[in-house]
Amino acid sequence: MIKKALISAALVALPLASQAQGAAPKGDAAAGAKKVSMCIGCHAIPGYKASFPNVYSVPMISGQTAGYLAAALEQYRKGDRSHPTMRAIAASLSDQDIVDLAAYYAAR
Amino acid sequence: MRVMPGQWLAIAMLAALGASPVLAGDVAKGREKADQVCAACHGKDGNTPIDPSYPKLAGQHGDYLVRALLDYKSEQRKNAIMVAQAKGLSRADIDNLSAFYASLPGTLSHKR
């Protein structure tokens, strides 16, 4: 009786545990490829410069590490990085969008 | 000398032309400093960071790297490690380091 209850408890708990582990979304480069429309207008143009509030070359992001790209977007979304355009764009991204874009650009 | 209104336009245009990624930094001095303070995390080649959340620097635009370090130094960009690192750098260090990393071969590109 107790044994049976334990087994059913374990059966219920197992999928819950794996679901909790899946809380951090996994990046999908193919899905990311469909979300680059807001990125390419600046980052895909060699020589393009950010002009406000400071003038400097827009960084190259293709081939960058996925972890850094995701962290950068999260920081823009949170306000830890201040570039106005990037803050506005990052604010529109979901957690899944961020890891998908990071996976896509890291694989370029 | 008084600058006439029309001359301001010419000055602004020259400034825009002059704002190219070619930096005044000294690559050799940058390499020396990088080996001391950056290489442990970003890799000696600027291309092999020790943590996946750290960026590759090799081949990145120098003027972007200058901006990043200045923003860390002023704490406009927040990261406990990098703010502490950047506060220890002079403006010349920042120019030299940026010129050094921009000069390295890397995987970064503007590929779509």
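Since we're looking at a predicted model, the values are computed, not measured.

Thresholds applied
Residues numbered from 1 in each chain as written. Chains lettered and ligands numbered in written order. Predicted model: local features only at pLDDT ≥ 70, side-chain atom pairs only at ≥ 80, totals over all residues. Helix = DSSP H or I, 4+ residues; strand = E, 2+ residues; numbered from the N terminus. Buried ≥ 20, exposed ≤ 12 C-beta atoms within 10 Å, placed from the backbone. Contact = placed C-beta atoms within 7 Å. Nonpolar A, V, L, I, M, F, W, Y, C, P; charged D, E, K, R; others polar. Expected span 1.5 Å × (residues − 1). pLDDT = per-residue confidence, 0-100. Axes fitted to C-alpha atoms, helices over the stretch in contact; angles between N-to-C directions. Parallel < 35°, antiparallel > 145°, perpendicular 65-115°, else oblique. Left-handed = near helix turned anticlockwise from the far one by under 90°.

Secondary structure assignment for chain B yields 6 helices and 0 strands. Mapped in sequence order, the helices and strands of chain B form the string α-α-α-α-α-α. Counting every position in chain B, which comprises 112 residues, the buried fraction comes to 32%. For chain B, the share of sequence-separated contacts (at least 6 apart) that also reach a separation of at least 24 residues comes to 70%.

Facing the 23 residues of chain A at the interface are 22 residues of chain B. Listed by contribution, the elements that provide at least two residues to the side of chain A that touches chain B are helix 3 (37–43), strand 2 (56–57) and helix 4 (66–78) of chain A. In terms of residue class, the side of chain A that touches chain B is built from 11 nonpolar, 9 polar and 3 charged.

The next subject is helix 6 (residues 91–103) of chain B. All names here are of chain B. Across its 13 residues, helix 6 extends 18 Å between first and last C-alpha, which sits within 8% of the 18 Å expected from 1.5 Å per residue. Of all the positions in helix 6, only Ile94, Asp95, Asn96, Leu97, Ser98, Ala99, Phe100, Tyr101 and Ala102 are classed as buried. Residues of helix 6 that are buried sit in contact with helix 2 (27–37) and helix 4 (62–73).

What follows covers unusual backbone geometry. With an omega of 0 degrees, the peptide bond running from Phe52 of chain A to Pro53 of chain A counts as cis. Structurally, the position occupied by Pro53 of chain A is in the loop between strand 1 (49–50) and strand 2.

Residue and element names in this part refer to chain B. Averaged over chain B, the pLDDT score is 88; the fraction of residues at 70 or greater is 79%. Counting interchain partners and residues more than four positions distant, the pLDDT-below-50 stretch residues 13–21 has 5 contacts. Here the predicted complex carries an ipTM of 0.79, next to a pTM of 0.80.

What follows concerns the packing of helix 4 of chain B against helix 6 of chain B. Residues and elements named next belong to chain B. For the pair helix 4 and helix 6, interaxial distance at closest approach is 8 Å and the crossing angle is 140 degrees. One way to sum up the angle between helix 4 and helix 6 is to call them oblique. Seen along the crossing, helix 4 lies across helix 6 with a hand that is right-handed. On the side of helix 4, the interface is formed by Gly62, Leu65, Val66, Leu69 and Leu70, while helix 6 contributes Ile94, Asp95, Ser98, Ala99, Tyr101 and Ala102. For the contact of helix 4 with helix 6, the class distribution of residues is 8 nonpolar, 2 polar and 1 charged.

Residue and element names in this part refer to chain A. In the predicted model, chain A carries a mean pLDDT of 87, and 79% of its residues have values of at least 70. Highest mean pLDDT in chain A belongs to helix 6 (residues 95–106) (98); lowest belongs to helix 1 (residues 2–21) (52). Low pLDDT, under 50, characterises residues 15–22; the stretch is placed with 0 contacts to residues that sit more than four places away or in other chains.

All names here are of chain A. If you check helix 6, its first and last C-alpha atoms are 17 Å apart, about what 12 residues at 1.5 Å a residue would give, namely 16 Å. The element helix 6 is largely enclosed, with a buried count of 9 among its 12 residues. Looking at helix 6, one finds that the buried residues are Ile98, Val99, Asp100, Leu101, Ala102, Ala103, Tyr104, Tyr105 and Ala106.

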